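Architecture and fold: a report
If you want the building blocks of each chain, they are given just below.
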Amino acid sequence: MAAPPDSEPSSALSLEQLPTDPLLLILSFLDYRDLVSCCYLNQRLNQLSSHDPLWKRHCKKYWLISEEEKNRRNQSWKAIFTSTYSDLGRYIHYYATLKKAWDDLEQYLGQWCPRMISSLKESAREEDLDAVEAQIRCKLPDDYRCSFRIHNGQKLVVPGLMGSMALSNHYRSEDLLDIDTAAGGFQQRLGLKQCLPLTFCIHTGLSQYMALESVEGRNKYEIFYQCPDQMARKPSAIVMFITGTSYLEWFTSYVHEVVTGGYPIIRDQIFRYVHDKKCVATTEDITVSVSTSFLPELSSVHPPHYFFTYRIRIEMSKDALPEKTCQLDSRYWRITNAKGDVEEVQGPGVVGEFPVIGPGKVYEYTSCTTFSTTSGYMEGYYTFHCLYYKDRFFNVTIPRFHMVCPTFKATNPNESGGDEDQDSTDTDDSRDRRRVWDLPAPSGCCPCHT
């Protein structure tokens, strides 16, 4: 058999001969790191990777730069990306998320809480954050630093950015601390070693702390409220009610609740009541809905005393007939804790009032309750009488609403062993074996179960 004739070698297509448009399309799928790497491969890719529209996507994705901002700066997309990266490059994985959260929050506050806008401070400088790290001899997490490069917390004013709560003579409003004030409250004492305060209430002294190191049973960057462990052998032992696992998660989840209307705005303040959309009941023309909140500053784990407040909204449909106007006479509550223990409460009015409800009218009030278990629920009804038909009485259902204590840890610094930490999922049984004390409500607090 004759050998096949030698085939002619095909000519190789060099990179310089490839059309520009397909190459630019390929480059448009690269992340900024790979795009930068292309600059060093050869002259052709260096030229193509500098094509300005390629950097538009990265400016918008990582730095949230708009067309208007670009025009104001009068720079190319690549120049904007490069200059911003040189300043904020270490925060590239956090910046867009935190900047959007701050922008959304400012827009919302401008509409609903305008006076709070003026309390926000300008951004902290990188050298300011470095100086704080040197002062406290501890590293700050990058997500925290990034947020403070956008806004350096707020002034110590009322109302606080991080939410308010009011109960009769008890009032709390938490400010987001600026970096210098936070550094001044950095803790090295037993029970709170290497913990940085994030918030502060000037009325109660309550703070939320962030653990900068994994010590005393805490996880690094965990965020929590602290309260004394009254039954521990060491006076420095505390219980931590966990409110976040990182600054990014803690701050953005709070902002989401605010801007989506999850927290009500009352008297130009953000009130941290959580409303379950399923927690609504309608009887004839009257709708009752409930939102709740846990108060760590009035609670205790050891001994078990969990303090909750609830806000009730009673509304009559605007389409109701005028003769449906009625007045609340009394209330009935059925209160059940996590062990199944039931308490029944009945009494006249609510918080000392006997509100009249007419078409389109709304009545809201706040009350409180305590449990000796980490969770419980309440349900019941109001008794009304018609103003036009005075002999007609009827009950209006209060929907069942649940109250659950946040996850917590009990730590005992200076005591041997590392197994004394516990969370709220495994404490109820052991709590049964402890002596149980009922702590009194703070002086002047509103009556429970109203």
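Parameters and conventions
- Residues numbered from 1 in each chain as written.
- Predicted model: local features only at pLDDT ≥ 70, side-chain atom pairs only at ≥ 80, totals over all residues.
- Heavy atoms only, no water.
- Helix = DSSP H or I, 4+ residues; strand = E, 2+ residues; numbered from the N terminus.
- Buried < 20%, exposed > 50% of the residue type's maximum accessible area, 1.4 Å probe, protein only.
- Contact = heavy atoms within 4.5 Å.
- Areas by Shrake-Rupley, 256 points an atom, 1.4 Å probe, with all protein chains shown as cover.
- Arc of directions from axis to C-beta.
- Pairing = 2+ DSSP bridges.
- Polar contact = N/O pair within 3.5 Å; in protein donor to acceptor, adjacent residues only side chain to side chain.
- 1 Å grid on protein atoms, 1.4 Å probe; cavity = no way out; pocket = protein on both sides within 12 Å on 5 of 7 lines; lining within 4 Å.
- Points joined across faces, edges and corners; volume = space filled by probe spheres on them.
- Nonpolar A, V, L, I, M, F, W, Y, C, P; charged D, E, K, R; others polar.
- Domains from an automatic or database assignment.

The name that an unreviewed UniProt entry assigns to the protein chain is FBX3 protein, with the source organism given as Lanius ludovicianus.

Another point: the overall build of the protein chain. Assigned secondary structure in the protein chain consists of 13 helices and 19 strands. Out of the 450 residues belonging to the protein chain, those deemed buried represent 48%. Look at the contacts in the protein chain between residues 6 or more apart in sequence, and 63% of them connect residues 24 or more apart. With an accessible surface of roughly 22,300 Å², the protein chain has 50% of that area assigned to carbon and sulfur atoms.

Every buried residue of helix α1 (residues 20-27) is listed here: Leu23, Leu24 and Leu27. The buried residues of α1 occupy an angular sector of 100° when the element is viewed end-on, so they sit on one face. α1 presents Asp21, Leu25 and Ile26 as exposed residues on the side facing more than 90 degrees away from its buried surface. Looking at the buried residues of α1, the elements they touch are α2 (32-38), α3 (43-49) and α4 (53-63).

A few words on unusual backbone geometry. Excluding glycine, residues mostly have negative phi values, and the peptide bonds linking residues are mostly trans. With an omega of 10°, the peptide bond running from valine 158 to proline 159 counts as cis. By the secondary structure assignment, proline 159 is in the loop between α10 (142-150) and β1 (164-167). Of note, the amide linkage connecting histidine 302 to proline 303 takes the cis form, showing an omega dihedral of 0°. Within the fold, proline 303 resides in the loop between β11 (286-294) and β12 (306-316).

Looking at chain direction, strand β17 (residues 375-386) and strand β18 (residues 393-404) are connected through 10 bridges and run antiparallel. Bridge pairing links histidine 385 to phenylalanine 393 in β18. The hairpin turn running from β17 into β18, its antiparallel successor, is 6 residues long.

Along the polypeptide, threonine 366 turns up in strand β16 (residues 362-371). For threonine 366, the side chain forms a polar contact with the side chain of arginine 311, separated by 3.0 Å. In this structure, threonine 366 is in contact with Ala166, Leu167, Tyr273, Thr309, Tyr310, Arg311 and Val351, ignoring residues within four places of it in sequence.

Okay, the environment of threonine 181 next. As for its placement among the helices and strands, threonine 181 is situated in helix α11 (residues 179-184). The class of threonine 181 is partly exposed, set by a relative accessible area of 33%. In sequence terms threonine 181 and proline 197 are 16 residues apart; their C-alpha atoms lie 8.7 Å from each other.

This part takes up the layout of surface pockets. Size it by volume and the largest pocket reaches roughly 720 Å³. Lining the largest pocket are 32 residues, with Tyr263, Arg272, Val274, Phe294 and Pro406 positioned closest to its centre. Tallied by class, residues from the lining of the largest pocket come to 17 nonpolar, 8 polar and 7 charged. Taken domain by domain, the lining of the largest pocket gets at least three of its residues from each of domain 2 (95-256) and domain 3 (273-406).

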